[in-house]
Amino acid sequence: LRQIGGAKEIYVPDPSWGNHQHIFRSAGLQVKTYSYLSWATGTTLDFGAMRCALSSDVPRGGAVLLHACAHNPTGVDPTAEQWAELAALFRERGLVALFDSAYQGYASGDLDADAAAVRAFEAEGVLPIVCQSYAKSMGLYGERIGAVNFVCSSAEEADAVMSQVKQRIIRPHYSSPPLHGARLACTVLSDAKLFSQWCTELLVMATRVQCMRATLADELRRVRAPAPDGGDWGHITSQIGMFAFTGLSAAHVDALRAHHHIYLTRDGRMSMAAMKPGDVEYIAASMRDVLCSL
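Everything quoted here is computed from the prediction, not taken from an experiment.

A. Here's a closer look at empty space enclosed by the protein. Enumeration over the complete set of coordinates arrives at 2 cavities of 30 Å³ or more. Quantified by volume, the largest cavity comes out at close to 40 Å³. Lining the largest cavity, in full, are P13, Y34, Y36, M50, L66, H67, H71, P78 and W83. Along the lines of polarity and charge, the residues of the lining of the largest cavity split into 7 nonpolar, 2 polar and no charged. Reported here for the second largest cavity is a volume of approximately 30 Å³. Within the lining of the second largest cavity, the residues separate by chemical class into 5 nonpolar, 3 polar and no charged.

B. Representation of the nonpolar core in the model. Residues Y103, L216, W233, M270, M272, M275 and M287 are the most contacted members of the largest nonpolar core, which totals 34 residues. At the level of elements, α8 (192-222), β7 (243-245), α10 (250-260) and α11 (280-293) are the ones that each hand at least two residues to this core. It is α11 that provides the largest number of residues to this core, a total of 6 residues. Among the nonpolar cores identified, the runner-up in size contains 28 residues, and V64, L66, L89 and V130 belong to it.

C. Structural view of the environment of A84. When you line up the elements, A84 lands in helix α3 (residues 80-93). When its relative accessible area of 40% is taken as the criterion, A84 is described as partly exposed. Once the C-alpha coordinates of A84 and A116 are considered, the two residues, 32 residues apart in sequence, prove to be 9.7 Å apart.

D. Fine view of the packing of aromatic side chains. Counting across every chain of the model gives 5 aromatic pairs. Seen from their ring centres, W83 and F99 are 6.0 Å apart, and the 50° between their planes marks the pair as tilted. A residue pair is termed long-range when its members are at least 10 positions apart, and W83 in helix α3 and F99 in strand β4 (residues 96-101) qualify at 16 residues. Given the relative accessible area of 8%, W83 is considered buried.

E. A look at the packing of helix α7 (residues 180-190) against α8. Axis separation between α7 and α8 bottoms out at 5 Å; the angle between their running directions is 95°. One element, α7, and the other, α8, form an angle in the roughly perpendicular class. Residues T187, V188, L189 and S190 of α7 form the contact with α8, whose participating residues are A192, L194, F195 and W198. Taken together, the residues of the contact of α7 with α8 sort by class into 6 nonpolar, 2 polar and no charged.

F. The arrangement of the pairing of strand β3 (residues 63-67) in detail. In terms of burial, β3 is largely enclosed, as 5 of its 5 residues are buried. Of the two faces of β3, the one carrying A63, L65 and H67 and the one carrying V64 and L66 are both buried. Here β3 runs beside β4; their pairing, made up of 5 bridges, is parallel. Opposite A63, over in β4, you have V96 as the bridge partner. Read as a crossover between parallel neighbours, the route from β3 over α3 to β4 is right-handed.

So, how was this worked out
- Residues numbered from 1 in each chain as written.
- Predicted model: local features only at pLDDT ≥ 70, side-chain atom pairs only at ≥ 80, totals over all residues.
- Heavy atoms only, no water.
- 1 Å grid on protein atoms, 1.4 Å probe; cavity = no way out; pocket = protein on both sides within 12 Å on 5 of 7 lines; lining within 4 Å.
- Points joined across faces, edges and corners; volume = space filled by probe spheres on them.
- Nonpolar A, V, L, I, M, F, W, Y, C, P; charged D, E, K, R; others polar.
- Core = buried A, V, L, I, M, F, W, Y, C linked by side-chain atoms within 4.5 Å.
- Buried < 20%, exposed > 50% of the residue type's maximum accessible area, 1.4 Å probe, protein only.
- Helix = DSSP H or I, 4+ residues; strand = E, 2+ residues; numbered from the N terminus.
- Phe/Tyr/Trp six-rings, centres within 6.5 Å; stacked < 30°, edge-to-face > 60°.
- Axes fitted to C-alpha atoms, helices over the stretch in contact; angles between N-to-C directions.
- Parallel < 35°, antiparallel > 145°, perpendicular 65-115°, else oblique.
- Contact = heavy atoms within 4.5 Å.
- Pairing = 2+ DSSP bridges.
- Right-handed = clockwise from strand over helix to strand, strands pointing away.

Here is the structure:
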């Protein structure tokens, strides 16, 4: 973005994955934010504010980071209709769409469903840049394997982009990447039988996380734990991905850690992938305790 595209700043959603700002700043970009989460509820998308920010706060031609699916840390995604509206807005204003795709297949269990946002932008003619990770979806976390994909308007443009990326980015930064993780991913993606098995296992993983969401929400209702957003804990199941943005405050999180030995990040993000069925009753009771005492 900076070395080839000449960008000086990038806009990221508020909130976003904590490391995004570090990555972009280390690349020499000024990081600014645009509205995303509703701070009134702390658990839902404020699409009106998001659209307004992208329409007025971000300059024409500006670079914008988007989460392709399972927004981290909130698990709150735009609807298909909202993605289509955003794609049209990006085309109209000439905005550069940089997608972080870390959970394709792991969010819903469907590779196509989790790619819908990116494809909506491509269909609109926005030509997104997509940073794809296989760390979680293939269990290759220690390999840090992924790809950056540039959607181009022609073969000639693709050749020019590839030349620039190879000579100005890849060569001076790492030259020859490690092969182990890349070959594992390539083997799975290029073998029909292994690919089918992988898709089945993605669905199993995603379904398990969805089941844990429903089980936790039901137990929180059963013990009459007051939801921080004033609702009925429906946000736990309406969110998607491996994390639940619970709405718990930093004080609630600190109390859970100190008194109940339950650990989550201080913004209230809870790992649903790490939760086990046998722990749900204790977790819900502990959440009720800190919510009622603070």
